[in-house]
Amino acid sequence: MTKEQINEFCDYLIAQVNNHSIYVWGGQGELLYETPLETLAKMETSKTNFRRVCDLVNRSIQRGIDLSLARIFDCSGLGTFKLLQMGLLKYDTTADGLYKKCTKKALANIKKGDFVFKVDSNGKATHIGYVVNDNKAIVEAYGRDKGVIMATLGKGSNFNKAGTFNK
């Protein structure tokens, strides 16, 4: 990605944190308030997980959080939604699919615009986060109880691999 594309991508990711976007299995950027509950329930992997999503939304509303711009994502959907819009990706894919499109690099050398992954013992990426600044801040669709968050990569992180996205 060019410097301008990296900035656009990272600005979009930070906006999803600020908009309080949520995690739902298979989410690809749908607007929360335009998505019927029945659709959310069908997307989720279990009734328990659907309740967790609803609990997060209800807690947010009770705290006075404006969810009018909130979108629905899973971890790979958070990135692929924008990469598709930008014409940098031609098809939807998983965390592992994005991992395969990256030039690998050491976690210690990540910079703004890089991707970080949780890779299992079989070499398959099962989760992805996105580096949004040179201080190693990561935006990720963390899970049903937290939604889209920003955190700093550090000790205790689940991410164990990194790469630079190649179109």
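See the structure shown above.
Residues numbered from 1 in each chain as written. Predicted model: local features only at pLDDT ≥ 70, side-chain atom pairs only at ≥ 80, totals over all residues. Heavy atoms only, no water.

Chemist: I'd like a description of the nonpolar core, backed by residues and values.
Modeler: Counting 31 residues, the largest nonpolar core has Leu 78, Leu 98, Phe 115 and Phe 117 as its most contacted members. Those elements giving two or more residues to this core turn out to be helix H1 (3-18), helix H4 (75-85), helix H5 (95-100), strand S5 (115-119), strand S6 (125-131) and strand S7 (137-143). The element best represented in this core is H1, accounting for 6 residues. Core analysis: the next-biggest nonpolar cluster, separate from the first, contains 13 residues, Met 43, Ile 65, Ala 70 and Ile 72 among them. (Core = buried A, V, L, I, M, F, W, Y, C linked by side-chain atoms within 4.5 Å. Buried < 20%, exposed > 50% of the residue type's maximum accessible area, 1.4 Å probe, protein only. Helix = DSSP H or I, 4+ residues; strand = E, 2+ residues; numbered from the N terminus.)

Chemist: I'd like a rundown of H1, residues and numbers included.
Modeler: Between its terminal C-alpha atoms H1 stretches 22 Å, which fits the 22 Å expected from 16 residues at 1.5 Å a residue. Within the sequence span of H1, burial applies to Ile 6, Phe 9, Cys 10, Tyr 12, Leu 13, Gln 16 and Val 17. Across the axial projection of H1, the buried residues extend over an arc of 155 degrees, all falling on one side. Opposite the packed face of H1, turned more than 90 degrees from it, sit the exposed residues Lys 3, Glu 4, Asp 11 and Asn 18. One or two positions beyond H1, positive phi appears at His 20, with a value near 60 degrees. (Expected span 1.5 Å × (residues − 1). Arc of directions from axis to C-beta.)

Chemist: Can you lay out the environment of Cys 102 for me, pointing to particular residues and giving the numbers?
Modeler: Along the chain, Cys 102 turns up in strand S4 (residues 102-105). Along the sequence, Cys 102 and Asn 166 sit 64 residues apart, while their C-alpha atoms lie 5.4 Å from each other. Apart from the residues lying within four places of it in its own chain, the contact partners of Cys 102 are Phe 115, Phe 117, Gly 163, Thr 164, Phe 165 and Asn 166. (Contact = heavy atoms within 4.5 Å.)

Chemist: So what about the sheet that holds strand S8 (residues 147-152)? Which residues, and what values?
Modeler: Hydrogen bonds between backbone atoms are what pair the strands of a sheet, whose relative direction is either parallel or antiparallel. On the basis of which strands lie adjacent, the open sheet formed by 6 strands has the order S4-S9-S5-S6-S7-S8 and antiparallel pairing. Two strands in the sheet have a free side with no partner beyond their single neighbour: S4 and S8. When the angles between neighbouring strand axes are averaged without regard to direction, this sheet yields 35 degrees. Pairing of S4 with strand S9 (residues 161-165) involves 4 bridges; the strand directions are antiparallel. Looking at S9, one finds that Lys 104 is bridged to Gly 163. Its contacts with the sheet place H1 against S5, S6, S7 and S8, and it is angled at close to 115 degrees to S8. (Pairing = 2+ DSSP bridges. Axes fitted to C-alpha atoms, helices over the stretch in contact; angles between N-to-C directions.)

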